[in-house]
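Descriptive structure summary
The chain contents come next:
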Amino acid sequence: QNQKTAWWGEDENLIRWGHLETFSPNKTFAFMVSLKRARAMKDWLGRGKGHGIRLHAVVKAGQHPGAYDVVTATIPGADAKLKDEEIAFSCHLDHQRPGANDNASGCATILEVARTVQKLISEGKLARPARTIRFIFPPEIEGTMAQLNGKPEFAKRIKAVVHMDMVGGGPETKAVFHATRGPMSLPSFVHDVAWAFADWVNDESYQFAATGKAHYPMVAPEGGKEPLRAEYSAYTMGSDHDVYQDSSFGIPAIYLNDWPDQYIHTNFDTAANIDPTKLKRAPLRRNEAEYDGGISNSERQFSPPPPGFQVPYDRRLNTSNRPKAAGDGLLTYSRKNEPRGPLAVFGYDYFAVHAKAAGVGTPKLLSYEGLWGGGEEYAYEVLNFADGKRNAQEIRDAVSAEYGPVALEMVVEYLKALEKIGLVEQVK
Ligand SMILES: [Zn+2]
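Here's what I pulled together on the structure shown here. Remember, predicted model here, so these are calculated numbers, not experimental data.

Within the protein, the zinc ion binds to H95 (NE2), D102 (OD) and H265 (NE2); these donor distances fall in the range 2.0 to 2.2 Å. Here the donor residues of the zinc ion are spaced in sequence according to H-x6-D-x162-H. Within this pair, whereas H95 is found in the loop between β2 (86-90) and α2 (100-122), its partner H265 is found in the loop between β7 (253-259) and α7 (276-295), the two being separated by 170 residues in sequence.

So, about the side chain of S24. With respect to the element layout, S24 can be found in the segment before α1 (35-45). Look at S24 and you get buried, because its relative accessible area is 18%. Here N26 takes part through its backbone nitrogen, which lies 3.1 Å from a polar atom of the side chain of S24.

Our next topic: the side chain of H178. Position of H178 relative to the elements: it lies in strand β5 (residues 176-180). A polar atom in the side chain of H178 sits 2.6 Å from the side chain of S233. A polar atom in the side chain of H178 sits 3.2 Å from the backbone oxygen of W259. In this structure, H178 is in contact with E231, S233, Y255, L256, N257, D258 and W259, ignoring residues within four places of it in sequence.

Reading across the sheet, the three strands line up as β11-β8-β12 and stay open at both edges, with antiparallel pairing between neighbours. Two strands in the sheet have a free side with no partner beyond their single neighbour: β11 (387-391) and β12 (424-426). Taking each pair of neighbouring strands and ignoring which way they run, the sheet shows an average axis angle of 30°. Summarising the sheet, strand β8 (residues 332-335) and β12 pair through three bridges and their orientation is antiparallel. In the sheet register, Y333 faces β12, and the bridge partner there is Q426. Packing of helix α11 (residues 408-420) onto the sheet brings it into contact with β8 and β12, and relative to β12 it is tilted by some 105°.

Right, let's get into the nonpolar core. Generally speaking, a soluble globular protein has its nonpolar side chains buried in company with each other. By size, the foremost hydrophobic cluster in this structure holds 34 residues, and its most contacted members are L343, F351, V382, Y414, L415 and L418. Counting residues per element, the ones that place at least two in this core are α8 (350-357), α9 (375-385), α10 (392-403) and α11. Among the elements that take part in this core, α11 stands out by supplying eight residues, more than any other. Those residues in contact with Y414 that sit more than four places away from it in its chain are L343, F351, P363, L365, L366, A379 and V382. In this structure, I121, I133, V167 and L228 belong to the second largest nonpolar core, which totals 31 residues.

Reading across from one edge, β1-β3-β2-β4-β7-β5-β6 is the order of the seven strands in this open sheet, with mixed pairing throughout. The open sheet terminates on both sides in strands that have one partner only, identified here as β1 (71-75) and β6 (231-233). Between one strand and the next, the sheet's axes are offset by a mean angle of 20°, whatever the strand orientation. Pairing geometry for strand β4 (residues 158-165) and β7, over five bridges, is parallel. When the bridges of β7 are listed, V161 appears paired with A253.

Reading guide: rules and limits
- Residues numbered from 1 in each chain as written.
- Predicted model: local features only at pLDDT ≥ 70, side-chain atom pairs only at ≥ 80, totals over all residues.
- Heavy atoms only, no water.
- Donors = N, O, S within 2.8 Å, 3.2 Å for Na, K, Ca; no water.
- Helix = DSSP H or I, 4+ residues; strand = E, 2+ residues; numbered from the N terminus.
- Buried < 20%, exposed > 50% of the residue type's maximum accessible area, 1.4 Å probe, protein only.
- Polar contact = N/O pair within 3.5 Å; in protein donor to acceptor, adjacent residues only side chain to side chain.
- Contact = heavy atoms within 4.5 Å.
- Pairing = 2+ DSSP bridges.
- Axes fitted to C-alpha atoms, helices over the stretch in contact; angles between N-to-C directions.
- Core = buried A, V, L, I, M, F, W, Y, C linked by side-chain atoms within 4.5 Å.

As structure tokens, then:
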């Protein structure tokens, strides 16, 4: 389960970590060794007789119900009404050591946001925001799933999220920094606001790198001077932002993330590869973006962007020559209230388990490879779009715009499978 990049397999000293299947009927364990050690062992074993390797392991492992302690803290809002609404900063605190970029960087950064904002408020330099700002440090995905399901009041109060997963990778990691938009099923202006700030940091840091002078160079004394070249990226899956933005919660989330990182999930993901300047620039941008959201406006959907505000990403869809819905295309489904959250999370696939129990075959959509997305992404969005209003044809058109053309039959087959396992119901 380790991610491939262009540098994959190049450094034979890296020891990666991964995981075996969580609910495998075959109970076993594994060691991870470096490529160098693996090659040496292979070579040794290949020398024939008398060249054996003996491993001795005592492994105590099992599965049992447990409890998560999730650390969370708030800066209470000032407005009597709005303080019950929250803007959340999220990260994930759970990975193998050293885990510097993934994800000590995100956790340390939101902690620094909390410290900075609180200090400025205490010193009277910054007005207390109208809404409450929350900071959450959960284990990735399953922690957020447990929290939003186990404590539904969180899901109700949180109106927008800034999720940071790998935000400090220096040049050595090969990282590109992304300000990632949400899925098309949940359009929100918060992504545009985030990008407006990211773009500003890009400009200021470039100005400084290029001329040695800028109003806001945002350089840490011990950090690099390279410009931040953050990219405004289409929605990608893989962390807690998927949980928030799932239609059962419907909370827009700004996802700030490095990708690639040649050292992800290895013993080389160390603090030495983290750039203090980048860490310094990261929170500033999010911070201001969210602070803005924190002080304005009251409705759940916030207000539309002001006139003249440039939407950097073209969401317009040409609807003039869409095929008219007919036959199965007219089928309309509505997602049920439970279960909440994405169906496929680390180590567990709700759909696969329940489809098997109900004797439902694997829908073709799940292994479909579209132009800009794969089965898991199509499936996530088809369920998100099943709001009881859009028919199957409209859902097909929407996911085709998002991930590339897909046949209506595949979307219908998946929707019918969702109906059979009780996740959606038909609206007549
Ligand atoms: Zn990770």
